[in-house]
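So the chains spell out like this:
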Amino acid sequence: MNTNTKEQKIIQLFMAVLFLAIVLVYLLLFQVKGKSLKAVNNTSWSAIQISVMSWDQEQTLTAVDQERQALAADTGTQQTGTSIPTTKIDVLTETPKTATTTGGNIVILSGTNVFYGTIEAVEKLGIKYQYALVDNKNIYYVNLGNPVYDFASIARKLWGNLYELKTEQELAQNKLFGTKVTYINLPEYKEKRVLMLLYIKDQVRLIQMDYSLYHKTKAYLKSLFTQ
């Protein structure tokens, strides 16, 4: 047997072994993927659960619940992180993590919508609230109800202070309204944001707006609450 014949047989043997190895690898991959697909197919949709965090507790939603929520979202009855146009609705059970509800109704101011999402001033002050509204000027009206917060202490911790207008004369001179207005002055918000605590009867509202809007919107704000 000459050298060329031996080399050809070695090459043929090598090719045969390589072919068998490739076939074996494919068979193993097929078995592994087959088992994975079988496991997926054997999983009931009703058994799939997704955990979501609500305001104060963890809830587990089944696929049926997910479908119901999706349907509700399509009809505009439940939205998160957006504003919901409405006239007067009951407080929803799903609220921002920084908010707390005490029941009752949400009273919508003219030209505003209910807002669900993060509000910079609320996060900064570390307070809770009942509900929030927003208008097309990006002014936020945060209803605090009748809070017990020591805002002076909160402001000091943030290297700020409070400025109060509480007499009829002071309010009139500044074209303001209500029983008292307290400004929360924070160094980082100077000439950027205005934070006002508006006291009307037994309700307190935290109003957040851009500094550039403040002097232009005093009459507008008064009309929202007094007309």
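Residues numbered from 1 in each chain as written. Predicted model: local features only at pLDDT ≥ 70, side-chain atom pairs only at ≥ 80, totals over all residues. Heavy atoms only, no water.

Trainee: Give a description of the overall build of the protein that names residues and reports values.
Mentor: From N to C terminus, the protein includes six helices and 12 strands. For the protein, with 227 residues in total, the buried portion stands at 30%. Of the contacts formed within the protein by residues at least 6 apart in sequence, a portion of 42% connects residues at least 24 apart. Summed over all atoms, the accessible surface of the protein reaches about 15400 Å², with 56% contributed by carbon and sulfur. (Helix = DSSP H or I, 4+ residues; strand = E, 2+ residues; numbered from the N terminus. Buried < 20%, exposed > 50% of the residue type's maximum accessible area, 1.4 Å probe, protein only. Contact = heavy atoms within 4.5 Å. Areas by Shrake-Rupley, 256 points an atom, 1.4 Å probe, with all protein chains shown as cover.)

Trainee: I'd like a rundown of the nonpolar core, residues and numbers included.
Mentor: Judged by nonpolar contacts, the single largest core of 25 residues is most densely connected at Tyr 141, Met 196 and Met 209. Of all the secondary-structure elements, those providing two or more residues to this core are β7 (131-135), β10 (180-185), β11 (193-200), β12 (203-210) and α6 (218-226). Dropping the residues within four chain positions of it, Tyr 141 is found in contact with Leu 109, Thr 112, Tyr 131, Ala 132, Leu 133, Asp 135, Leu 206, Ile 207, Tyr 220, Leu 221, Leu 224 and Phe 225. In terms of nonpolar packing, the next biggest core, distinct from the first, is built from 23 residues, Val 134, Ile 184, Tyr 189 and Leu 197 among them. (Core = buried A, V, L, I, M, F, W, Y, C linked by side-chain atoms within 4.5 Å.)

Trainee: Give me unusual backbone geometry: which residues, what numbers.
Mentor: Positive phi, close to 55°, is recorded for Lys 175, a residue that is not glycine. Within the fold, Lys 175 resides in the loop between α5 (168-173) and β10. Relative accessible area serves as the criterion here: at 62%, Lys 175 is assigned to the exposed category. The phi dihedral of Lys 201 falls on the positive side, at around 55°, and the residue is not glycine. Within the fold, Lys 201 resides in the loop between β11 and β12.

Trainee: Can you break down a nonpolar patch on the surface residue by residue, with the values?
Mentor: Residues Ile 11, Phe 14, Met 15, Leu 18, Ile 22 and Tyr 26 make up a contiguous nonpolar surface patch of roughly 650 Å² in combined accessible area. The topology assignment puts Leu 18 in helix α1 (residues 3-41). Looking at Leu 18, the relative accessible area reads 38%, which means it is partly exposed. (Patch = residues over 30% accessible without salt bridge, like charges linked within 9 Å, V, L, I, M, F, W, Y side chains within 5 Å. Salt bridge = Lys/Arg side-chain N within 4 Å of Asp/Glu carboxyl O.)

Trainee: Describe α6, naming the residues involved and giving the relevant values.
Mentor: Turning to α6, its buried residues are Lys 218, Leu 221, Leu 224 and Phe 225. Viewed along the axis of α6, the buried residues span an arc of 125°, placing them on a single side of the element. On its buried face, α6 sits against β8 (140-145), β11 and β12. (Arc of directions from axis to C-beta.)

Trainee: With reference to specific residues and values, describe the packing of aromatic side chains.
Mentor: Taken as a whole, this structure holds six aromatic pairs when the rule is applied. Ring plane angle 55° and centroid distance 6.3 Å describe the contact between Tyr 141 and Phe 225, whose orientation is recorded as tilted. Linking Tyr 141 in strand β8 with Phe 225 in helix α6, this pair joins segments that are 84 residues apart in sequence. By relative accessible area, Tyr 141 is classed as buried at 2%. Taken together, the ring pairs in this structure connect Tyr 141, Phe 177 and Phe 225 into an aromatic cluster. Taking the ring centre of Tyr 220 as reference, the NZ or CZ of Lys 137 above it sits at 4.0 Å. We note Lys 180 situated over the ring of Tyr 199; from NZ or CZ to the ring centre the distance is 4.5 Å. (Phe/Tyr/Trp six-rings, centres within 6.5 Å; stacked < 30°, edge-to-face > 60°. Lys NZ or Arg CZ within 6 Å of the ring centre and 35° of its normal.)

This is a description of form; function is not addressed.
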